[in-house]
Amino acid sequence: MADSVPESSLLGRQDLHVHTTMSDGYVPLEELVSIAAERGVQIGVADHISRRNLKRFVSDEARVRRYLDAVEAQDVFVSGEFCWCDNYYRELPDEVMARFDYLVGSNHGFELPGGGMGSPWWEQLPPEWKERPRELMDVMVDELCRMVRTMPIQIAAHSTLTPPALFDLEGDVDAWWTAEREDRYVEALAESGVALEISNRYRLPHDRLLGKALQAGVRFSLGSDGHGRDQVARLEWAADTARRVGVTDADLFVPERRRR
Ligand SMILES: [Zn+2]
Ligand SMILES: [Zn+2]
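Residues numbered from 1 in each chain as written. Chains lettered and ligands numbered in written order. Predicted model: local features only at pLDDT ≥ 70, side-chain atom pairs only at ≥ 80, totals over all residues.

Topic: the pairing of strand β3 (residues 77-83)
Convention followed: Three exposure classes are used, all based on how many other C-beta atoms lie within 10 Å of a residue's own C-beta (placed from the backbone): buried at 20 or more, exposed at 12 or fewer, and partly exposed between those limits. Only DSSP runs of H or I with at least four residues qualify as helices, and only runs of E with at least two residues qualify as strands; both kinds are numbered from the N terminus onward. Any two strands are treated as partners once DSSP identifies two or more bridges connecting them.
Within β3, 7 of the 7 residues are buried, which leaves the element mostly enclosed by the surrounding structure. The two faces of β3 match: F77, S79, E81 and C83 on one face and V78, G80 and F82 on the other face are all buried. Direction of pairing for strand β2 (residues 42-48) relative to β3: parallel, over a ladder of 5 bridges. Across the sheet, G44 pairs through a bridge with F77, a residue of β3.

Here's the deal with the sheet that holds strand β9 (residues 220-223)
How we decide: Note on geometry: axes are lines fitted to C-alpha atoms, helical ones only across the stretch in contact, with angles between N-to-C directions running from 0 to 180 degrees.
Pairing in this open sheet of 7 strands is parallel, and the strands run β1-β2-β3-β4-β7-β8-β9 from one edge to the other. Sheet topology places β1 (14-18) and β9 at the edges, where each strand pairs with a single neighbour. Going across the sheet, the axis of each strand differs from the next one's by a mean of 30 degrees, ignoring polarity.

Some remarks on helix α8 (residues 179-192)
We apply this condition: By this rule the span expected of a helix is its residue count minus one, scaled by 1.5 Å. The arc in question is the one traced by the directions running from the helix axis out to the C-beta atoms.
Given a rise of 1.5 Å per residue, 14 residues ought to cover 20 Å, and the 20 Å separating the end C-alpha atoms of α8 matches this to within 8%. Within the span of α8, buried status applies to R181, E182, Y185, V186, A188 and L189. All buried residues of α8 fall inside an arc of 160 degrees around its axis, so they share one side. The outward face of α8, more than 90 degrees from its buried face, is lined by the exposed residues A179 and E180.

A word on helix α5 (residues 133-150)
The line we're drawing: We call two residues in contact when the distance between their C-beta atoms, placed using the backbone, is within 7 Å.
Over its 18 residues, α5 runs 25 Å from end to end, which matches the ideal 26 Å to within 8%, given 1.5 Å per residue. Within α5, burial applies to L136, M140, V141, L144, M147 and V148. In an axial view of α5, the angular spread of the buried residues amounts to 135 degrees, which keeps them on one side of the axis. For α5, exposure combined with an orientation more than 90 degrees from the buried face picks out E135 and R149. Next to the buried residues of α5 lie β4 (104-106), β5 (110-111), β6 (117-118), β7 (155-157) and α8.

Side note on unusual backbone geometry
Residues L204 and P205 are joined by a peptide bond in cis, for which omega reads -15 degrees. Within the fold, P205 resides in the loop between β8 (195-199) and α9 (207-215). In the Ramachandran plot, H158 falls in the positive-phi region, its phi being about 25 degrees despite a non-glycine side chain. Among the secondary structure elements, H158 is positioned in the loop between β7 and α6 (164-169). For H158, a count of 23 C-beta atoms within 10 Å corresponds to the buried category. The backbone of A233 sits at a positive phi, close to 60 degrees, despite the residue not being glycine. Within the secondary structure layout, A233 lies in the loop between β9 and α10 (236-245).

Here you go:
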């Protein structure tokens, strides 16, 4: 089989976006480590570090330090998922931020012109946006570009997540991710050097955008975004997608462990 994937391929063997019970995941860290070992997958623990949910997320400095102590004690990459919609990443001391091997940034909400926040999970558009869905999409893409250019992150997670309310209007991904919007986002990724996550959980991004990103020299990372035992260290869809569009090991963002 000339085209078979070599044993050494990292594709599908490195899951850089996994959650634990330290934020909103359901799997304790030690158990996560043993599940990943069974599945033959290296992991990067990237719990939510944000004040968006004070109770469930790692939301104050003492908790961040305890989180880092716990993750550093395991044979995993040390990461955190930071929200574009809060500034917490700017407020933690440099010495704390320096303990992460890499940072994940996510559009869990984005500022709207005229006030308020938009959500990539919106199932209904608010009244003031009902008549202007394309303008809303442009705002979201602009915000994604700003996110990768502004945040000190290495990976943009589930970034092409698009409000279901828009797909109710037109079901085709190309209707929202037009060539022009794709080009704009791919250029921002290429210029910022931020890797584009292929999300096993959300089954994103779509092939055409991935192909353009590959052409533009953007790096990729695979993430399960797993919260439960059946999801963590599972990358089948993401690895199949990466291979289908021609992503190889050489195109992956591969973190380095900091000396501890
Ligand atoms: Zn997320
Ligand atoms: Zn996540």
